[in-house]
2 protein chains.
Amino acid sequence: MRENNWDIVITGGTLVTMNAGMEIIEDAFVGIKNGIITAAGKRGDQKNANDPAKETIEASGCIVMPGLVNTHTHLPMVCFRGMADDLPLMEWLTKNIWPAEKRFVSKKMVYDGATLAMAEMILSGTTTFCDGYFFEDSIAEAVSAAGMRAVVGQGFADFIMQDESAIEKTMVSARRFIKRWLPRAPLITPALFCHSPYTCSPSTLVPVKEAAREAGILYLIHLLENRDEAGTILNRYGKKPVQHLLDLGILDEQTVAVHCNWLTKEDIAVFADLGVKVSHNPESSMKLAAGVAPVPEMLRQGITVGIGTDGCASNNDLDMFREMDTTAKIHKVTSLNPTIMSAETVLKMSTIGGARTLGMDKLIGSVEIGKKADVILMDMNQPHLTPLYNCYSQLVYAARGADVKTSIINGRIVMKDRKLLTIDPQAAMENVRRIAADIIHQKMP
Amino acid sequence: MRENNWDIVITGGTLVTMNAGMEIIEDAFVGIKNGIITAAGKRGDQKNANDPAKETIEASGCIVMPGLVNTHTHLPMVCFRGMADDLPLMEWLTKNIWPAEKRFVSKKMVYDGATLAMAEMILSGTTTFCDGYFFEDSIAEAVSAAGMRAVVGQGFADFIMQDESAIEKTMVSARRFIKRWLPRAPLITPALFCHSPYTCSPSTLVPVKEAAREAGILYLIHLLENRDEAGTILNRYGKKPVQHLLDLGILDEQTVAVHCNWLTKEDIAVFADLGVKVSHNPESSMKLAAGVAPVPEMLRQGITVGIGTDGCASNNDLDMFREMDTTAKIHKVTSLNPTIMSAETVLKMSTIGGARTLGMDKLIGSVEIGKKADVILMDMNQPHLTPLYNCYSQLVYAARGADVKTSIINGRIVMKDRKLLTIDPQAAMENVRRIAADIIHQKMP
């Protein structure tokens, strides 16, 4: 008997590789062994196509593609989905979200929320995400259980850590968090997340960046989400936000700035020069009326931009397919230029571009030999996906999360034919419904 | 044995009525007899709840609500979905869509395209739509077969009818079309559709309006989709488009103006004064970079506005749930005011408001006693719809077409548990794939 050559083979279907040549391969074959893609090409060209496989996935009628990378989430905020909508950003934050967080965020809420959020993400094609919240240790545990790939960012914000001893305590726990997850969980990469320049003073921003630099991990920060932020920072520190962060030594290739709706051309040049990455969250910023990020200009200047959904309270979903559709459309209409953001560009931003944003483009973001096996199958045999002229157009403008049929992360099948294999969705929903019932009850006693 | 009291009963679930009081009823009961809603209220309050029913639909865990009204479509354009994207409006129209239409539009293409489009629409919660295209006789036949409710608008455009005899011939066939469908098909209402002021000369616009007025039916027209249209009409006729149509006697309560992206405040006042209705198609206008309609100002001035998806070539789907989400978000961000367009307002526009746009608000658009039974069930027991604080928010910002479980049109179940009962989706897809194969083959010989 021959050695078992494949853990998983995917045969047939159209492979949208998202590799450097943007190859699209009809009647494809993808072979996976030990979590790695060991074959990716035309089925007819594979010598070992008929070697035994532990699992064979028939993909005819499907598009086979890299799993999507969601570059910005706050998973536990699923617990606040739809709790407060149609409000101004600052009222939404200061009167609804922050008080609810102060009162209801706990290790258990974070774990349960993250689990439900991951169910939603797997069901809609995301295989890797980058999260920033509190109690990230619990999130990392939930991620481990669900088998997703994640950058997990421990959050810092002065309104939570109100004195120096609290900051010191948080720093100690952040270092413990890094030490715990960095060396031993292949799917989890710890990161540090300062909420924003207006909620973190330099005495928080700087030591957190130093800790991130020391550990060689990502530093995440919300930046210029709202138009008022520039004025706030100017009043407080006598300079604009990007200059402020630049002077504090925060900006480098390991920094991911989130939103960046009000970045000026000069700010973009600074980012391009220093290699700062950007996470673009169009739906959240539309819903909060925060603004539209100048992404076409960022791309023109060579900045790496990934797409993110943001937390569920401001979106209100984690569906990267919807986010792609919106990304293409919002930039076309705000520029009145329909050629400024193509479907292909958008799909790059949510696969290989997202991977690059998180410093993971050597590992994931495309389906090619040697990369980690993060692969999804899209069921294209559906009325709303017929006919099929152009894969990029169809995936961005017509497909949606519910069309994801099967998902593989790191060579493990986490969803097959829409059935989740690592999360019990009914239990996850029940747990979050209980949290929501508490919130409703305690808000309106 | 007692008389059979109900054709269909829907028991349990949360009823989002969209009636004048915007009632939301938990643990509801909806009874249907002879195509009419004959009961709608709390389950516990129904004396006849246990009378026999031919069909009982268990709705616990669901939202029960009126079917969505898509106020602007060109169904056969599903055949062009994804054929040409990311192009300027005029290049897209004149170099891609119009040549393809000239070459490939036929009775059969129209019938097959409409059938696939209706499969997609039923699967995503639409029960009524308003279409404008050519060969609408074939569309009406397809609508009859599928059992949807529709306003079917026979199209006029000078680039197709190039001489007077052609216009006369089209008028004759339009009158025959009205005569055929007006008196005898309860679900089909004929209408007349002039493509636009820039593609129809006054000698087309005026007699078509006269024919519509004579028959007492709707008159549909694209208006100010693109910024350039105002200049084009000003150059040609010495006045702006709305003044041009006003002077031609086109504008009245039976006119539905589609897009209206560049309507001025003064134009809006004219529309409000005359009762002209508006169909708002945000995703199409975003994708084509055509503009954002001033809908908040229209609503402020009391204009009736419905939502539409437009044709599939410019969207690229017919999912009204996505369209609702985008409607709320695009107006928030362009005004930088998150309170300007609430989820509730948007849901009204796609149910009762859409019905009012089409002159059907006495018949449909809400779930209340005496109205036609156009009802959908949304499966809310899903990760991306959990938890549930607010029905309007959840339906607009988190739900999507794929969450529609069951659909009833005029008291007939057209989809049950996601299975279409009046259309064979595989056959519909195969037919359109053949048309697309011809287009690909003949485009690139």
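Since this is a predicted model, take the numbers as computed values, not measurements.

**Considering the overall build of chain A**
Along its length, chain A carries 15 helices and 19 strands. In terms of its C-alpha atoms, chain A occupies a principal-axis envelope of roughly 70 × 45 × 45 Å. The buried share among the 445 residues of chain A stands at 61%.

**With respect to the sheet that holds strand S2 (residues 14–16) of chain A**
Residue and element names in this part refer to chain A. The 7 strands are arranged S3-S2-S7-S16-S17-S18-S19 in an open sheet whose pairing can be described as mixed. Taken across any chain shown, the strands that pair with only one partner, and hence form the sheet edges, are strand S3 (24–25) and strand S19 (419–420). Sheet analysis places strand S16 (residues 375–379) next to strand S17 (residues 404–409), joined by 4 bridges and oriented antiparallel. Bridge pairing in S17 links Ile376 to Ser407. Where helix H2 (residues 107–123) meets the sheet, its contacts fall on S17, strand S18 (412–416) and S19, and the angle it forms with S18 comes to roughly 85°.

**Examining the packing of helix H4 (residues 164–181) of chain A against helix H5 (residues 202–215) of chain A**
All names here are of chain A. Between H4 and H5, the least distance of the axes is 11 Å, while the angle of their chain directions is 15°. In terms of orientation, H4 lies roughly parallel with respect to H5. As for how H4 packs across H5, the hand of that crossing is right-handed. Side by side, H4 and H5 meet where Ile167, Met171, Ala174, Arg175 and Ile178 of the first sit next to Thr204, Pro207, Ala211 and Ala215 of the second. Broken down by class, the residue content of the contact of H4 with H5 amounts to 7 nonpolar, 1 polar and 1 charged.

**Some details on the relation of the copies chain B and chain A**
Here chain B sits on chain A after a turn of 180° about the axis and a move of 0.0 Å along it, with an RMSD of 0.0 Å. Such values leave the two copies arranged in the relation of a two-fold axis. Among all residues of chain B, the minimum C-alpha distance to the rotation axis is found for Ala402 of chain B, at 3.3 Å. Of the residues that chain B buries at the interface, 98% are likewise interface residues in chain A, meaning the two copies contact each other through the same surface.

**Considering the pairing of strand S9 (residues 126–133) of chain B**
All names here are of chain B. Here S9 lies mainly inside the structure; 8 of its 8 residues are buried. Pairing analysis gives 4 bridges linking strand S8 (residues 68–73) to S9, with the strands arranged parallel. Looking at the pairing, Thr73 lines up with Asp131 of S9. Note: S9 against strand S10 (residues 149–156), 6 bridges, orientation parallel.

**Quick word on the pairing of strand S10 (residues 149–156) of chain A**
Residues and elements named next belong to chain A. Burial runs high along S10: 8 of the 8 residues are buried. Burial of S10 is two-sided: the residues Arg149, Val151, Gly153 and Gly155 facing one way and the residues Ala150, Val152, Gln154 and Phe156 facing the other way are all buried. What joins strand S9 (residues 126–133) to S10 is helix H3 (residues 136–146), and the crossover it makes is right-handed.

**A look at the packing of H2 of chain A against H3 of chain A**
Residue and element names in this part refer to chain A. Where H2 contacts H3, the two axes come as close as 8 Å, and the packing angle between them is 35°. Considering the relative orientation of H2 and H3, their crossing is right-handed. Two secondary-structure elements touch here, H2 through Lys107, Val110, Tyr111, Ala114, Thr115 and Met118 and H3 through Ser138, Ile139, Glu141, Ala142 and Ala146. Taken together, the residues of the contact of H2 with H3 sort by class into 7 nonpolar, 2 polar and 2 charged.

**Focus: the domain arrangement of chain A**
Residues and elements named next belong to chain A. Taken domain by domain, chain A comprises domain 1 (6–66 + 374–418) and domain 2 (68–357). Counting residues per element, the ones that place at least two in the side of domain 1 that touches domain 2 are helix H14 (391–398), S17 and S18. Looking at which element gives the most residues to the side of domain 1 that touches domain 2, the answer is H14, with 5 residues.

**Let's talk about the environment of Asp424 of chain A**
All names here are of chain A. Inspection of the secondary structure puts Asp424 in the loop between S19 and helix H15 (425–443). Its 12 C-beta neighbours within 10 Å are what place Asp424 among the exposed residues. Linking Asp424 and Leu116, residues 308 residues apart in sequence, is a C-alpha distance of 9.0 Å.

**A word on the sheet that holds strand S14 (residues 277–280) of chain B**
Residue and element names in this part refer to chain B. Here we have 8 strands laid out as an open sheet, ordered S8-S9-S10-S11-S12-S13-S14-S15, and parallel in their pairing. Two strands in the sheet have a free side with no partner beyond their single neighbour: S8 and strand S15 (305–307). Between one strand axis and the next, the sheet turns by 25° as a mean value, whatever way the strands run. Bridging between strand S12 (residues 219–223) and strand S13 (residues 255–259) involves 5 bridges; their strand directions are parallel. Note on S13: the bridge partner recorded for Ile221 is Ala257.

**Thoughts on the nonpolar core**
Residues Val30 and Val64 of chain A together with Val30 and Val64 of chain B are the most contacted members of the largest nonpolar core, which totals 304 residues. Ignoring sequence-local partners within four residues, the contact set of Val30 of chain A consists of Val9, Ile10, Leu15, Ile37, Ala39, Ala40, Val64, Val367 and Val375 of chain A.

**Thoughts on the environment of Ala157 of chain B**
Residue and element names in this part refer to chain B. Residue position: Ala157 is located in the loop between S10 and helix H4 (164–181). Placed 37 residues apart in sequence, Ala157 and Cys194 show a C-alpha to C-alpha distance of 6.3 Å. When sequence neighbours within four positions are dropped, the list of residues in contact with Ala157 reads His195, Thr199 and Cys200.

**Some thoughts on the environment of Glu344 of chain B**
All names here are of chain B. Among the structural elements, Glu344 can be located in helix H12 (residues 343–349). On the neighbour-count criterion, Glu344 (19 C-beta atoms within 10 Å) is partly exposed. Sequence spacing of Glu344 and Met320 is 24 residues, and the spatial spacing of their C-alpha atoms is 15 Å.

**Considerations on the interface of chain B and chain A**
For interface size, the figure often reported is the accessible area lost on association. Residue-level contacts link 58 residues of chain B with 57 residues of chain A. The set of elements that each furnish at least two residues to the side of chain B that touches chain A consists of helix H2 (107–123), helix H9 (282–287), helix H11 (320–335), helix H14 (391–398) and helix H15 (425–443) of chain B. With 7 residues, the single largest contributor to the side of chain B that touches chain A is H11 of chain B. Tallied by class, the residues present in the side of chain B that touches chain A amount to 29 nonpolar, 15 polar and 14 charged.

**Notes on helix H5 (residues 202–215) of chain B**
Residue and element names in this part refer to chain B. In this model H5 runs 20 Å from its N-terminal to its C-terminal C-alpha over 14 residues, within 8% of the 20 Å that 1.5 Å per residue would give. Inspection of H5 places Leu205, Val208, Lys209 and Ala212 among the buried residues, and these make up the whole buried set. Along the long axis of H5, the arc covered by the buried residues comes to 105°, so they all point the same way. Residues of H5 that are exposed and point more than 90 degrees away from the buried face comprise Ser203 and Glu214.

**Quick word on unusual backbone geometry**
Along the chain, Asn315 of chain A connects to Asn316 of chain A via a cis peptide bond; the corresponding omega equals 5°. Considering the arrangement of structural elements, one finds Asn316 of chain A in the loop between strand S15 (305–307) and helix H11 (320–335). Note that the residue after Thr386 of chain B, namely Pro387 of chain B, is joined by a cis bond; omega there is -5°. Among the structural elements, Pro387 of chain B can be located in the loop between strand S16 (375–379) and H14. If you check the backbone angles, Asp27 of chain A has positive phi at about 45° while not being a glycine. Inspection of the secondary structure assignment puts Asp27 of chain A in the loop between S3 and strand S4 (28–33).

Reading guide: rules and limits
Residues numbered from 1 in each chain as written. Chains lettered and ligands numbered in written order. Predicted model: local features only at pLDDT ≥ 70, side-chain atom pairs only at ≥ 80, totals over all residues. Helix = DSSP H or I, 4+ residues; strand = E, 2+ residues; numbered from the N terminus. Buried ≥ 20, exposed ≤ 12 C-beta atoms within 10 Å, placed from the backbone. Pairing = 2+ DSSP bridges. Contact = placed C-beta atoms within 7 Å. Axes fitted to C-alpha atoms, helices over the stretch in contact; angles between N-to-C directions. Parallel < 35°, antiparallel > 145°, perpendicular 65-115°, else oblique. Left-handed = near helix turned anticlockwise from the far one by under 90°. Nonpolar A, V, L, I, M, F, W, Y, C, P; charged D, E, K, R; others polar. Least-squares fit on C-alpha atoms with pLDDT ≥ 70 in both. Right-handed = clockwise from strand over helix to strand, strands pointing away. Domains from an automatic or database assignment. Core = buried A, V, L, I, M, F, W, Y, C linked by C-beta atoms within 7 Å. Expected span 1.5 Å × (residues − 1). Arc of directions from axis to C-beta.

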